Amino acid sequence: MSSQNTKSSVKPLNRTFSIAPMLDWTDRHYRYLARLMSAELLLYTEMVTTGAIIHGKGDYLAYNEEEHPLALQLGGSNPHDLAICAKQAVERGYDEINLNVGCPSDRVQSGRFGACLMAEPSLVAECVTAMRAVADIPVTVKTRIGIDEQDSYEFLTEFVETVRDAGCDTFIVHARKAWLQGLSPKENREIPPLDYDRVYQLKRDYPDLSISINGGVKSLEECKVHLVKLDGVMVGREAYQNPYILAKVDQQLCGLDKPVLSRDAVLEKFIPYIEKHLQAGGRLNHITRHMTGLFQGEVGSRIWRRYISENAHKPGSGIEVIEQARKNMTS
Ligand SMILES: Cc1cc2nc3c(=O)[nH]c(=O)nc-3n(C[C@H](O)[C@H](O)[C@H](O)COP(=O)(O)O)c2cc1C
């Protein structure tokens, strides 16, 4: 059973299907859209650094109530700062705090956090301890299977055991290692080979831990295969580029008996949210940029995409751009 210090009155989070944290992509507009399609999936924010939360001018913790269940992903490695942020996350009503131990970007490395923390399991353990001391919600870790030449199974298990001993019982594992030098973050999501077996092995060896797999998953069918062996699947790029796959998560992966929304029904449900955003002075393209893949695979999807890309950024653009894009698909 879980040793996690969760709120006793709150039911445990359903980790069957989650959407990966993706900087610039999984902002609150995208997350609202995702939630329209599935009540069950678990959402993650983009990574927010402790520096931004503590010293930044904006409100980096803002989200829509409808997004729950929602995890805040933190980037940082200073236990004291992480505890300050974890406390704020609890106060703001987040359902989970996740520490990023997977990002290989130079900027993140120079701040001594992200994937390079795999080499410092004791520091990650200290971070987890500090956050758990102030948070009565799950504190989880998203990691890689290794970094640079440190890519043995023993390296991974030593990391996991050290962090587990600090009370983290949930790991999301991106099933490829990261090269800390020489590859861009994008290349680090494509070039190091995926090794799903290693993640399966981890679950076999640590059955009490909740292990979710991440990396390269493109369909709910693939999710089902992983779910036979693991606790959850986290999907990133496919969930963003082809968001309509989310419409069947509740039925196909979570066993709920309810109708699947059509793409047009999703669009219709999204319109009031967009209108509210526009009324508050927001730009149309800040939302539509997350919708260009909604009709992926359908006849006319390129027309939809093109019309939106060419028109939504124009000053004063409103809902009519979306309506016209939809009309153009069939005319
Ligand atoms: C645009 C973009 C931004 C990302 N930003 C983050 C991030 O903020 N935090 C993080 O842990 N991973 C980030 N990732 C990595 C994803 O969470 C995920 O681990 C990776 O894309 C592999 O999953 P996928 O093959 O399903 O996309 C990002 C990925 C992309 C494509």
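As a convention, each chain's residues are numbered from 1 in the sequence order in which they are written. Given that the model is predicted, a residue must reach a pLDDT of at least 70 before its local features are reported, and side-chain atom pairs must reach 80 or more before they are shown or counted; all residues, however, enter totals for whole chains, interfaces and linings.

## Some points on the pairing of strand 8 (residues 232–235)
Both faces of strand 8 are covered, namely the face carrying Gly232 and Met234 and the face carrying Val233 and Val235. Only when DSSP finds a minimum of two bridges between them are two strands counted as paired. A run of H or I in DSSP counts as a helix once it spans at least four residues, and a run of E counts as a strand once it spans at least two, with each numbered from the N terminus. Bridge count between strand 1 (residues 17–19) and strand 8: three bridges; the pairing is parallel. Bridging across to strand 8, Phe17 finds its partner in Val233. Here three bridges tie strand 7 (residues 210–214) to strand 8, and the two strands are oriented parallel to one another. When the bridges of strand 8 are listed, Ile213 appears paired with Val233. Handedness of the crossover joining strand 7 and strand 8 through helix 8 (residues 220–229) is recorded here as right-handed. Exposure classes come from backbone-placed C-beta atoms, where a residue is buried if 20 or more other C-beta atoms lie within 10 Å of its own, exposed if 12 or fewer do, and partly exposed in between. Handedness of a crossover is defined as follows: with both strands directed away from the viewer, a clockwise route from the first strand across the helix to the second makes it right-handed.

## Some words on the UniProt feature "binding site: FMN" (unreviewed entry) in the chain
UniProt marks Pro21, Met22, Leu23, Gln73, Lys142, His174, Asn214, Gly215, Gly216, Gly236 and Arg237 with the feature "binding site: FMN" (unreviewed entry), using the numbering shown here. In this structure, Met22 sits in the loop between strand 1 and helix 1 (28–37). Beyond its immediate stretch of four places on either side in the chain, Met22 contacts Glu46, Gly236 and Tyr240. With respect to the helices, strands and loops of the structure, Leu23 is situated in the loop between strand 1 and helix 1. UniProt positions are given in the numbering used here, feature names are shortened, and annotations may be inferred rather than shown by experiment. Whether two residues are in contact is decided by their C-beta atoms, placed from the backbone, lying within 7 Å.

## Points about the confidence of the model for the chain
For the chain, per-residue confidence averages 95 on the pLDDT scale, and 97% of positions sit at 70 or higher. For residues 1–8, every residue scores under 50 in pLDDT, and the model assigns this stretch 14 contacts once sequence neighbours within four places are set aside. Per-residue confidence from the prediction method is given by pLDDT, with values spanning 0 to 100.

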